[in-house]
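Observations on the model geometry
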Amino acid sequence: MSRSVDEAVDHADDADLAPAEAFALLGNETRIEILQALHEATIERGDDTPIQFSELYDRVDLDDSAHFNYHLKQLLDHFVRKVECDPDESGATADDCVEGYEFRTPGWKVVRSVFAGTFTGRSELGPFDAPGTCYECGGALEARYANELLTIACADCGRTPVNYPFPPGGLADRTPAEFLDAFHHHVRHHYCLAADGVCPECMGRVETTLGTDTAVPGQDVVVEHVCGRCDNRLTSAVGVNLLDTAPVLTFFSERGVDLTTDPFWTHPWTVSDVHTTVVSTDPLRIRLDLPCAGDVIRVTVDETLKVLDAEPLDDAEATDATA
């Protein structure tokens, strides 16, 4: 019998692990090795079959099975799940019934963070050419990666339209062009999720606000997404949050531009306010005139980024908007 949503939430709250406890559990080399061994075995198996105790033990550099079993038990309930097979309930024969261990979602996240280089990566790259031109002076853009941040800046005036975290593992086996493409999808995905009220880090609830109190030169409006669960914060210009908005996607697609693949920073309206106007402050209303192939779509949003209106302009209006 399935549980109700309220029951599931209550159960999840009961199982929550305090951050200090989570770090304490993972602050042990043997436990990290167990998680990595479970990951390797699961990938090699290629199916959903649980990994048996003996196979997992053989993959970890530890001679004492009791010591291994102790650390494995510490990971249960929060990072690893023990699968017990009852032939009477599963319908499988006794020979086919396999007991073992599999990941819980937090366990997968830990292993993926290790492979992404989140905890271990110290990569640097660049500077190298980036597509697009500076929205301020028209100069060429160049990218540089250091300290787990990708920065895209104007080689002439130094203005920096993009500065955003990216896991070091994203550099592996990629050319600079492929790396920038992956970065585009990474950032676009984060802001599309946040604009939809979902934290890209923990999936918690995100509150979105727009304000006119910003210290960024040339930026009159700032968007702030704040997760109520993990306090993850994303700030940006308004436009980047419209990359997944249906009328905007359709308008650009009809003119041969795919916003899902086109590097977002090549469109000035995603990283600046050059096409943004504060229509009113009480209530806050923001208008964006987004140009493409000689045409313009006018999008109006409220203080929560809700799209109030999105209509292409006629020729005369488009000329005025881009003048």
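For the structure, see preceding data.
As the structure is a prediction and not an experimental result, all values here were calculated from the model.

**Examining the environment of lysine 82**
Of note, lysine 82 is situated in strand 1 (residues 80-83). C-alpha of lysine 82 to C-alpha of proline 50: the two residues are 32 residues apart in sequence and 8.4 Å apart in space. In contact with lysine 82, other than residues within four places in its own chain, are Leu76, Gly100 and Tyr101.

**Section: the sheet that holds strand 3 (residues 125-133)**
Within the open sheet, the four strands sit side by side as 3-4-5-6. Their pairing is antiparallel. Edge strands, defined here as strands with exactly one partner in the open sheet, are strand 3 and strand 6 (162-165). Shown here is a sheet whose adjacent strand axes are inclined to one another by a mean of 20°, direction ignored. Along the sheet face, helix 8 (residues 176-195) touches strand 3, strand 4 (140-146), strand 5 (149-154) and strand 6 and points at about 80° away from the line of strand 6.

**With respect to unusual backbone geometry**
In the segment running from glycine 126 into proline 127, the intervening peptide bond is cis, with an omega of 10°. Looking at the secondary structure, you find proline 127 in strand 3. Cis geometry is adopted by the peptide bond preceding proline 283, which originates at aspartate 282 and carries an omega value of 0°. A positive phi is found at aspartate 77, a non-glycine position, where the angle reads about 80°. Tracing the backbone shows aspartate 77 in the loop between helix 5 (65-75) and strand 1. Residue aspartate 77 is classed as exposed on the basis of its relative accessible area of 58%. For glutamate 148, which is not glycine, the phi dihedral falls at a positive 65°.

What counts and what doesn't
Residues numbered from 1 in each chain as written. Predicted model: local features only at pLDDT ≥ 70, side-chain atom pairs only at ≥ 80, totals over all residues. Heavy atoms only, no water. Helix = DSSP H or I, 4+ residues; strand = E, 2+ residues; numbered from the N terminus. Contact = heavy atoms within 4.5 Å. Pairing = 2+ DSSP bridges. Axes fitted to C-alpha atoms, helices over the stretch in contact; angles between N-to-C directions. Buried < 20%, exposed > 50% of the residue type's maximum accessible area, 1.4 Å probe, protein only.

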